[in-house]
Amino acid sequence: MPRDELPSLLLLPFPPDPSSRSLLNTAYRPSITAALSRLKRPNGASKLTVAVECPILHGQFLRSKTLSWTEAQALVAGIYTIISVVSAQLGIGTEIDGGPNSVDATVVLIDHNRNKRFTEDFRPAIETNNTTVIDLATFASAYHPWNYIFHVRSEVGLQFYQTYLKLAEGRQTLLQEQLIPVEGGITMNVAPQGNIPRPTPARTPGVPVVCLGGTFDYLHPGHKLLLTAAALLLKVPRKDDANMQPCTYIIGITGDELLKNKKYAEFVQSWETRARNVILFLSRILELSERGWKDTQQPRRVEERDGDVKAWFRDGTILVHCVRIQDPFGPTITVENVDALVVSGETRSGGQAVNDKRAEQGWKTLEVFEVDVLDAEDVLEEKEGTKTEENFSAKISSSAIRQQRALARPGTKI
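Residue positions are given per chain, counted from 1 along the sequence in the order it is written. Reporting of local features is limited, given that this is a predicted model, to residues whose pLDDT is at least 70; pairs of side-chain atoms are given and counted only at 80 or more, and all residues count toward the totals for whole chains, interfaces and linings. Here the side-chain values reflect all heavy atoms present in the structure, with hydrogen atoms and water set aside.

As annotated in an unreviewed UniProt entry, the protein carries the name Cytidyltransferase-like domain-containing protein and is attributed to Podospora comata.

Structural data, given as structure tokens:
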């Protein structure tokens, strides 16, 4: 693979406390802007993995880790919001396969404590736990090679960068021109009022079966947030358990027939393309291989039928099942064995409707998790004005992307 077709890496150090949108923007926006600016190419698309250092997992033992889902998805949402706003400013497309001047970004949370030290004889390797979150040694072992590696020019940024390089040693021969320092923002840790400790966020136990639904047309940061947030709820089994059954991630994808009345419907991607892009994105955050991108560009085991795609990740411990849906409920009322439903603010009412329908059938109701929205309000600077907000909205709307495709076709009337 030519080097400019490889993903690039941006290493972001520990987030501010609390990780509000405005504080995340202050801390990370300069670095994200520098990386996106460098990767924008008029003759092709680029990919960027944004790896965020954060001690997100709790628990003494490898197979009994927990996390705060609310905090984790909020952090991912905040970073995707900054990516979307900066991309809108710079005229950068954000969708998968966006073509020239696009950067397809993926946010990955890395479980790492900056005070952790590795011994000289430590040999990094892929080591999974009962969640989909990985540690820094596993990340260094499975994510490679890179086009560029961007690191923040600060004390904590340099520490994270040096630790990563040590763990990734031998995975790739890097030229000096591939190692790019970027300016960091100001990371502020705001003490709670009255010096009263903040309450410990509630831990979220993983579940065996998670479900969500959507259209996923021109897969963009809003979709990536939704897919990542749902993956964080999975309880991943041990691969060496004698009676191992994979945790299951069911994704209902709207069928083509239901989209015929969409605005610019002729530019809606086919169900097969949309399902393929969902699997492609999830392979970036779920698949792990010592061979890096050679094995993780696509899942190693896939079964495809009309309106039905199954893909297995992490040695068969995670099953992603994409199904075509032709009604508002999809598999949530045809598959009884589902534990959790993930919704966005736009589909909140649908979650209640699903549970009402399941109750009518005598089935257990689902725990509903609502993902944060990508909202520019807290990350726009005063000088940016309304026009940027409009551009931001356009960049995270599939209908706006379809409109752009329509405008690009000669003779199209809008």
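### Overview of the layout of surface pockets
Cavity: a set of points on a 1 Å grid over the protein atoms alone where a 1.4 Å probe fits but cannot get out. Pocket: an open set with protein on both sides within 12 Å along at least five of seven lines, its lining residues, like those of a cavity, having an atom within 4 Å of a point. Grid points are joined across faces, edges and corners, and a volume is the space filled by probe spheres set on the points. Put simply, the largest pocket is a space of about 1,200 Å³. In terms of lining, the largest pocket is formed by 44 residues, of which the most central are Gly213, Gly214, Ser344, Glu346 and Thr347. A helix here means a DSSP run of H or I that spans at least four residues, while a strand means a run of E at least two residues long, and both kinds are numbered starting from the N terminus. Elements that contribute at least two residues to the lining of the largest pocket include exactly strand E7 (209-214), helix H5 (221-231), strand E8 (247-254), strand E12 (340-343), helix H8 (348-360) and helix H10 (398-408). Amino acids are sorted into nonpolar (Ala, Val, Leu, Ile, Met, Phe, Trp, Tyr, Cys and Pro), charged (Asp, Glu, Lys and Arg) and polar (every other residue, Gly among them). For the lining of the largest pocket, the residue count by class is 19 nonpolar, 19 polar and six charged. If you add up the space inside the second largest pocket, you get close to 620 Å³. For the second largest pocket, the lining is made up of 20 residues, of which Pro16, Asp17, Ser19, Glu71 and Pro201 are closest to its centre. With four residues, the single largest contributor to the lining of the second largest pocket is helix H2 (residues 69-90). The residue inventory of the lining of the second largest pocket, partitioned by class, reads twelve nonpolar, four polar and four charged.

### Thoughts on the pairing of strand E6 (residues 179-182)
Two strands pair when backbone bridges link them, and strand E5 (residues 149-152) and E6 are joined in this way by four bridges, in the parallel orientation. In the sheet register, isoleucine 149 faces E6, and the bridge partner there is leucine 179. For the handedness criterion, the β-α-β arrangement of E5, helix H4 (residues 155-167) and E6 is classed as right-handed. Pairing between strands is defined by DSSP: at least two bridges between them are needed. Assignment of crossover handedness uses the view with strands pointing away from the viewer, where a clockwise path from the first strand over the helix to the second indicates a right-handed crossover.

### Describing the packing of helix H1 (residues 21-39) against H2
The description of two packed helices rests on the angle between their axes and on the distance between the axes. To define axes, lines are fitted to C-alpha atoms, for helices over the stretch in contact only, and angles between the resulting N-to-C directions are given on a 0 to 180 degree scale. In contact at an axis separation of 9 Å, H1 and H2 are set at 50 degrees when each is read in the N-to-C sense. On the basis of their axis angle, the class for H1 and H2 is oblique. Considering the relative orientation of H1 and H2, their crossing is right-handed. Across the interface between the two elements, Arg21, Leu24, Asn25, Tyr28, Arg29, Ile32, Thr33, Leu36 and Ser37 from H1 touch Leu75, Ala77, Gly78, Ile79, Thr81, Ile82, Ile83, Val85, Val86, Ser87, Gln89 and Leu90 from H2. Of the residues that constitute the contact of H1 with H2, the class distribution is twelve nonpolar, seven polar and two charged. Oblique is the label for every angle not falling under 35 degrees (roughly parallel), over 145 degrees (roughly antiparallel), or within 65 to 115 degrees (roughly perpendicular). Crossing handedness: left-handed means the near helix sits turned counterclockwise from the far one by under a right angle, and right-handed means the same turn made clockwise. Working rule for contacts: check all heavy atoms of both residues, and any pair within 4.5 Å makes them a contact.

### Describing the sheet that holds strand E11 (residues 318-325)
Where strands meet in a sheet, backbone hydrogen bonds hold them as pairs that are either parallel or antiparallel. On the basis of which strands lie adjacent, the open sheet formed by seven strands has the order E9-E10-E11-E8-E7-E12-E13 and mixed pairing. Strand pairing shows two members of the sheet lacking a second neighbour, strand E9 (301-305) and strand E13 (367-370), which therefore form its edges. Averaged over neighbouring strand pairs, the angle between their axes works out to 20 degrees when direction is ignored. As paired elements, E8 and E11 share eight bridges and run parallel to each other. Each bridged residue has a counterpart across the sheet, and for isoleucine 251 the counterpart in E11 is cysteine 322. Seen against the sheet, H8 touches E12 and E13 and runs at an angle of roughly 155 degrees to E12.

### Concerning helix H6 (residues 271-286)
Think of an α-helix as 3.6 residues a turn; residues three or four steps apart then line up on the same face. Taking 1.5 Å per residue as the helical rise, H6 with its 16 residues ought to reach 22 Å, and the 22 Å between its terminal C-alpha atoms agrees with that figure. Within H6, 13 of the 16 residues are buried, which leaves it mostly tucked inside the rest of the structure. Helix span, expected: 1.5 Å multiplied by one less than the number of residues in the helix. Note on classification: 1.4 Å probe, protein chains only; a residue is buried when its accessible area is under 20% of the maximum for its type, exposed when over 50%, partly exposed between these limits.

### Re unusual backbone geometry
Omega for the peptide link from aspartate 17 to proline 18 comes to 0 degrees, which places this bond in the cis form. Mapped onto the elements of the fold, proline 18 is located in the loop between strand E1 (8-12) and H1. Phi angles above zero are rare outside glycine, and phenylalanine 216 is one such case at about 55 degrees. Looking at the element boundaries, phenylalanine 216 is found in the loop between E7 and H5. Despite not being glycine, aspartate 315 has its phi angle at roughly 60 degrees, a positive value. Structurally, aspartate 315 is set in the loop between strand E10 (308-313) and E11.

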